Amino acid sequence: MKVCVLSLLAMLLPLLAQAQQISATSEPVLAAKSYVLYDYSSNQILVEHNGEERMEPASLTKLMTAYLTFNALKLNQLALAQSTFPTEEALRAQGQELRMFLDPSKSVTIGELLRGLMVQSGNDAARVLATVVAGNEADFAELMNKEAQRLNMKNTHFVNATGVPHAQHYSTARDLVLLATAIVRDFPEHYALYGMRIYQYNNVSQSNRNRLLWMDPFVDGMGTGYSERTGFSLVASAQRDQRRLISVVLGAPSDNLRATESQKLLNYGFQNFEARRLYQKNQAVASIRLWKGTENKVPVGFRNDLLLTIPKGQMAQLKATMETQQPLFAPISGGQKISVLKLNLNGKPYAEFPLVALDAVPLANVFSRGWDSIRLLFQ
């Protein structure tokens with residue numbers, strides 16, 4: 001087997017012709033222990049500092065609590081109008097924790113609990129939802145960890161549904177990006193609740209602790225967290241035009257700074273990067289030599305539009321190559337990964353994406369296969 005490398009510069013020429021050289025702005029240095037800026041539209045991390053350092057997620061844990069509740073709703077295991085009575089165990093308070101002030105003598109709906117969880121960050125709401133979904137909080141934590149594993153959150157482990165500190169309860173900025181992305185992608189019908197500024201329950205009105213909902217008109221949601229060990233944390237998501245960015249800031253010194261530093265990070269991403277469509281879905285990027293099939297070439301491309309986020313003005317410095325293992329044999333199924341598109345920016349690796357077969361190619365008859373075997377002897 002050998003690796004065949006093909007330059008795809010010609011495919012990018014129309015975009016390169018539009019590019020103008022602009023000097024890149026330095027990455028912001030934030031007053032926080034860990035942070036990541038992620039472009040949801042192109043699936044790229046734009047800025048990262050200590051992104052894989054384990055920290056206490058505190059109330060950001062409730063992003064997973066919400067995710068599992070959304071999934072139960074999707075599976076018709078729950079309904080928004082469904083009512084339940086909070087148990088005394090679920091209403092236990094640990095110090096000055098956040099609450100939505102549930103009443104054990106009063107039923108509450110799943111919809112109300114979600115608002116209490118997502119807007120008011122109520123620990124009581126989290127515990128009741130955990131009990132409704134899994135029977136008890138311990139079993140719910142097992143579901144949280146299974147889901148974290150499925151989402152590839154490799155440095156995350158949950159012990160409870162609230163984020164109350166525990167030695168085995170931790171996550172990272174990178175993993176929280178994966179979780180926030182999953183919420184936006186999988187449950188857009190529920191995501192809007194994160195943008196609510198105020199919610200009143202049981203005659204108690206509480207404001208959303210995500211200050212960016214007041215400070216930045218483009219920010220439309222996510223959550224906050226605080227613990228003595230980590231500090232103040234914030235996951236935020238903002239959309240301008242068709243671009244959505246997600247920021248995770250962990251361990252800021254104050255409530256105010258977690259908001260201003262998050263806004264600084266988001267502004268940096270919108271102001272200094274641009275998203276470009278390199279290839280349309282099902283567009284043939286190249287045709288690759290194929291042996292022992294009914295066709296001697298197979299077109300490769302992407303099943304979805306390929307978007308790339310790149311520093312503004314740097315498009316002219318982008319180089320594309322395609323790598324594939326040769327010889328390549330039939331049969332080939334549609335959507336099968338065939339090769340890799342590698343992008344270099346200013347001579348350095350920047351991104352890579354798998355290329356898939358756009359068409360299926362079945363195995364040829366025995367005579368054609370035999371002829372290809374002879375020809376391969378001279379390759």
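The rules behind each value
- Here the residue index of a chain counts from 1 through its sequence in written order.
- Residue-level local features of this predicted model are given only where pLDDT is at least 70; pairs of side-chain atoms are given and counted only at 80 or more, and the full residue set underlies all totals for whole chains, interfaces and linings.
- As a rule here, side-chain values come from all non-hydrogen atoms in the structure, and water together with hydrogens is ignored.
- Note on definitions: angles span 0 to 180 degrees between N-to-C directions of axes, and those axes are lines fitted to C-alpha atoms, for helices only across the stretch in contact.
- Runs of H or I in DSSP of at least four residues are treated as helices and runs of E of at least two as strands, each being numbered from the N terminus.
- Each angle is binned into one of four classes, with values under 35 degrees roughly parallel, values over 145 roughly antiparallel, values of 65 to 115 roughly perpendicular, and all other values oblique.
- Crossing handedness is defined as follows: a turn of the near helix away from the far one that is anticlockwise and smaller than a right angle gives a left-handed crossing, while the clockwise case is right-handed.
- Contacts are assigned to residue pairs with any non-hydrogen atoms lying within 4.5 Å of each other.
- Each residue gets a pLDDT score, which is the predictor's confidence in that residue and runs from 0 to 100.
- Each residue gets one of three labels from its accessible area relative to the maximum for its type: buried under 20%, exposed over 50%, partly exposed in between, using a 1.4 Å probe on protein chains only.
- Each aromatic pair joins two rings of Phe, Tyr and Trp (for Trp, the six-membered one) with centres within 6.5 Å, and gets the label stacked for planes under 30 degrees apart, edge-to-face for over 60, and tilted for any other angle.
- Definition used: whenever NZ (Lys) or CZ (Arg) falls within 6 Å of the ring centre and also within 35 degrees of the ring normal, the charge is taken to sit over that ring.

(A) Geometry of the packing of helix α2 (residues 62–74) against helix α4 (residues 123–134). Direction vectors running N to C along α2 and α4 enclose 40 degrees, while the axes themselves pass 10 Å from each other. It follows that α2 is oblique to α4 by the angle criterion. In this structure, the crossing between α2 and α4 has a hand that is left-handed. Two secondary-structure elements touch here, α2 through K62, T65, T69 and A72 and α4 through N123, A126, L129 and V133.

(B) Geometry of the confidence of the model for the chain. On average, residues of the chain score 92 in pLDDT, and 93% of them are at 70 or above. Note that pLDDT drops below 50 for residues 13–23; the model gives that stretch 19 contacts with residues more than four away or on any other chain.

(C) Region of the structure containing unusual backbone geometry. Along the chain, Q326 connects to P327 via a cis peptide bond; the corresponding omega equals 0 degrees. Topologically, P327 is positioned in the loop between β15 (318–326) and β16 (337–345). Between A330 and P331 the backbone carries a cis peptide bond, its omega angle lying at 5 degrees. Mapped onto the secondary structure, P331 falls in the loop between β15 and β16. Of note, the phi angle at N43 is positive, near 60 degrees, even though the residue is not glycine. Here N43 shows up in the loop between β2 (34–39) and β3 (44–49). N43 gets classed as exposed once you look at its relative accessible area, which sits at 57%. Within the chain, N203 stands out as a residue other than glycine whose phi angle is a positive 65 degrees.

(D) Expanded view of the packing of aromatic side chains. In total, this model carries 6 aromatic pairs according to the counting rule given. Judged by centre distance (5.5 Å) and plane angle (55 degrees), the ring pair of F70 and F187 falls under tilted. Of this pair, F70 sits in helix α2 while F187 sits in the loop between α6 (173–186) and α7 (188–191), placing them 117 residues apart in sequence. No difference in accessibility class separates F70 from F187, as the two residues are buried. Their ring planes at 50 degrees and their centres at 5.9 Å tell us that Y191 and Y194 sit as a pair that is tilted. Judged by relative accessible area, Y191 falls into the buried class, the value being 8%. An aromatic cluster is built from Y67, F70 and F187, whose rings are joined through pairwise contacts. Positioned above the aromatic ring of Y201 is the side chain of K106, whose terminal nitrogen or guanidinium carbon lies 5.0 Å from the ring centre. For the cation-ring pair, R289 lies above W291, with the distance from its terminal atom to the ring centre recorded as 3.8 Å.

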